[in-house]
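Tertiary structure, described
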Amino acid sequence: MFVRHPAARLALALAVLSSALWAAPRPRRRWKPPLTTIMYIVNRPDSIASFVAHASEVSIAAPQSFVLDAAGFVGGNIPDEVLAVARARHIALMPLVTNRGFSQPLMRTLLDSRASRARAIRYLIYLARRDGDIGFQFDLEHIYYTYRRQYTEFFREAAIAFHRHHLILSAAVVGRLPGESVTSGPNGGFANWGGAYNYRGIARWANFLTLMAYPQHGGFSGPGAVAGYDWVHRMLAYARARIPARKLSLGVPTYGEEWTARSPLEAVAGDHPEPPGPAPAGWVVHGVSYANVVALLAGPDPAGEAVTRHWDPTSRSHYLTVPTAGGAGQVWYADAASLRQELRLMRRYGVSSISAWRLGGEDPAIWPLLRREFRIRHPRPPRLVGSFNQRSRAAAR
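Residue positions are given per chain, counted from 1 along the sequence in the order it is written. Residue-level local features of this predicted model are given only where pLDDT is at least 70; pairs of side-chain atoms are given and counted only at 80 or more, and the full residue set underlies all totals for whole chains, interfaces and linings. Working from all heavy atoms in the structure, the side-chain values ignore hydrogens and water.

Thoughts on the pattern of salt bridges
Note on definitions: salt bridges are taken to be side-chain nitrogens of Lys or Arg within 4 Å of carboxyl oxygens of Asp or Glu. The full count for this structure, using the stated rule, is seven salt bridges. One salt bridge in this structure joins Glu-57 and Arg-371, with 3.4 Å as the shortest N-O distance. With Glu-57 in the loop between helix H2 (45-53) and strand E2 (60-68) and Arg-371 in helix H12 (residues 366-373), this residue pair connects regions lying 314 residues apart in the sequence. On the basis of relative accessible area, Glu-57 is assigned to the buried category, the value being 7%. A residue is classified by how much of its surface remains accessible, and Arg-371, at 39% relative accessible area, is partly exposed. Residue Arg-156 is joined to Glu-153 by a salt bridge in which the shortest nitrogen-to-oxygen separation is 2.7 Å. With Arg-156 and Glu-153 both in helix H6 (residues 148-164), this residue pair falls three residues apart, about one helical turn. Classification of Arg-156 as partly exposed rests on a relative accessible area of 27%. Glu-153 sits in the partly exposed class, given a relative accessible area of 27%. For helices the rule is a DSSP run of H or I covering at least 4 residues; for strands it is a run of E covering at least 2, with both sets numbered from the N terminus onward. The cut-offs for exposure are 20% and 50% of the maximum accessible area for each residue type, with area from a 1.4 Å probe on protein chains only; residues under the lower value are buried, those over the upper are exposed, and the others partly exposed.

Remarks on the side chain of Gln-216
Tracing the chain through its elements places Gln-216 in the loop between strand E8 (208-212) and helix H9 (229-240). Take Gln-216: its relative accessible area is 19%, and that puts it in the buried class. In terms of polar contacts, Gln-216 uses its side chain to reach the backbone amide nitrogen of Gly-228, at 2.8 Å. Setting aside its immediate chain neighbours within four residues, Gln-216 contacts Ala-225, Val-226, Ala-227, Gly-228 and Trp-231. A 3.5 Å cut-off defines polar contacts: any pair of N or O atoms within that distance qualifies, except that in protein one atom must be a possible hydrogen donor and the other a possible acceptor, and neighbouring residues in sequence count only when both atoms are side-chain atoms. Two residues qualify as a contact provided that any one of their heavy atoms is within 4.5 Å of a heavy atom in the partner residue.

Focus on the side chain of Lys-247
In this structure, Lys-247 sits in the loop between H9 and strand E9 (248-253). All tallies of charge rest on Lys and Arg as positive and Asp and Glu as negative; His and the ends of each chain are not included. There is no salt bridge for the buried Lys-247, and the closest opposite charge comes from Glu-153, which lies 15 Å off by N-O distance. At a separation of 3.0 Å, a polar atom in the side chain of Lys-247 contacts the main-chain carbonyl oxygen of Ala-206.

With respect to the nonpolar core
Here, nonpolar core refers to any group of buried Ala, Val, Leu, Ile, Met, Phe, Trp, Tyr and Cys residues whose side-chain atoms link them within 4.5 Å. Counting 102 residues, the largest nonpolar core has Phe-51, Phe-138 and Tyr-151 as the members making the most contacts within it. If you look at the next biggest cluster of nonpolar residues, it comprises nine residues, including Val-293, Leu-296, Val-307 and Val-322.

Quick word on the sheet that holds strand E10 (residues 256-260)
Strands were regarded as paired on the criterion that DSSP finds at least two bridges between them. The sheet built from five strands is open, its strands ordered E11-E10-E14-E13-E12 with antiparallel pairing. At either end of the open sheet lies a strand with only one pairing partner, and these are strand E11 (284-288) and strand E12 (308-312). Between one strand axis and the next, the sheet turns through 25° on average, direction left out of account. Looking at chain direction, E12 and strand E13 (residues 317-324) are connected through five bridges and run antiparallel. Here the axes come from fitting lines to C-alpha atoms, over the contacting stretch only for helices, and the angles between their N-to-C directions go from 0 to 180 degrees.

Some thoughts on the environment of Leu-250
In this fold, Leu-250 is placed in strand E9. In the structure, Leu-250 is positioned 96 residues away from Met-346 in sequence and 7.0 Å away in space, judged by C-alpha atoms. With sequence-adjacent residues up to four places away left out, Leu-250 is seen in contact with Leu-211, Ala-213, Val-232, Leu-236, Glu-342, Met-346, Val-351, Ser-353, Ile-354 and Ser-355.

Everything listed is a geometric property; what it means functionally is a separate question.
In structure tokens form, the structure reads like this:
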């Protein structure tokens, strides 16, 4: 059929196009579960550079930037570059506050003083309001288990005050396993590290809790996974029986540990939280990044022998065997493969948040994994109004 009139030809073309579009519906976008990514940042070039490069995959930036002392005074500051990127990209900031040096005597003195606790709370609220943070996370560790009640009360006091100013308050808590007691765990793990956290009592007041499901092995043990699947499974089950899924973030490591068989025997401290103490007989232990792992695999070991990589099916983790002059050493590390297992476990328990320690040491493959499998949440940060001096005066009122 030949249509002479231009308007008729146009109508016919539109009709054909419409029928074609109707016959071939658009492909449906794959549904992705939501995920809140809390990424810990330290004041080191590699950590800050990772945040700058991957800011779009960060829900909440959590710089470990502030410390408090026994009198409740708080010091520190967020690195300028972290502040600038977070504000330009509209990323929520939730700094960490730690007890200086994870000092146990400091925490006893602080928790025993109502005035010191109140001073710390005032300082933290002032800093959050001045800088436009969404709140703070308590990263207060190495608290003796008999101070369980005092720590819970301090957190309750802080949460009430924070919420009055529309700020969130969270806490990083050491992971626990069923049946732990004062005498269990390496280096007094329960008595000195995990026993002070009343999961139910803190969760009642917290916006959320980060479950530090690491380290399983480290400077206090022989070689093994940093956060083995079976171990994290039991730890997460214990926590979920006491903390609602909506208030839980699974703490995941991004680093590794190297065990070297040689003398003299001494532990080399890493930059990640772990109980202090001497390495077990026969080992020197220190933290490694994923970049260190890649470097080991890229060339021969200093002893001149090949480094080999293995997969442990029980812990679902990779490790290396590294020949040394004193015998074979081992490197156990977190990577995208182990994170994938933890993410599946997290979803199994209805949890939709991770807290990763720390940026800068991670396997680069975790970023496409997160983008591919999840829809990253982006909470709205407070709007900054006025100059620094104006905000400082307003926050001090």
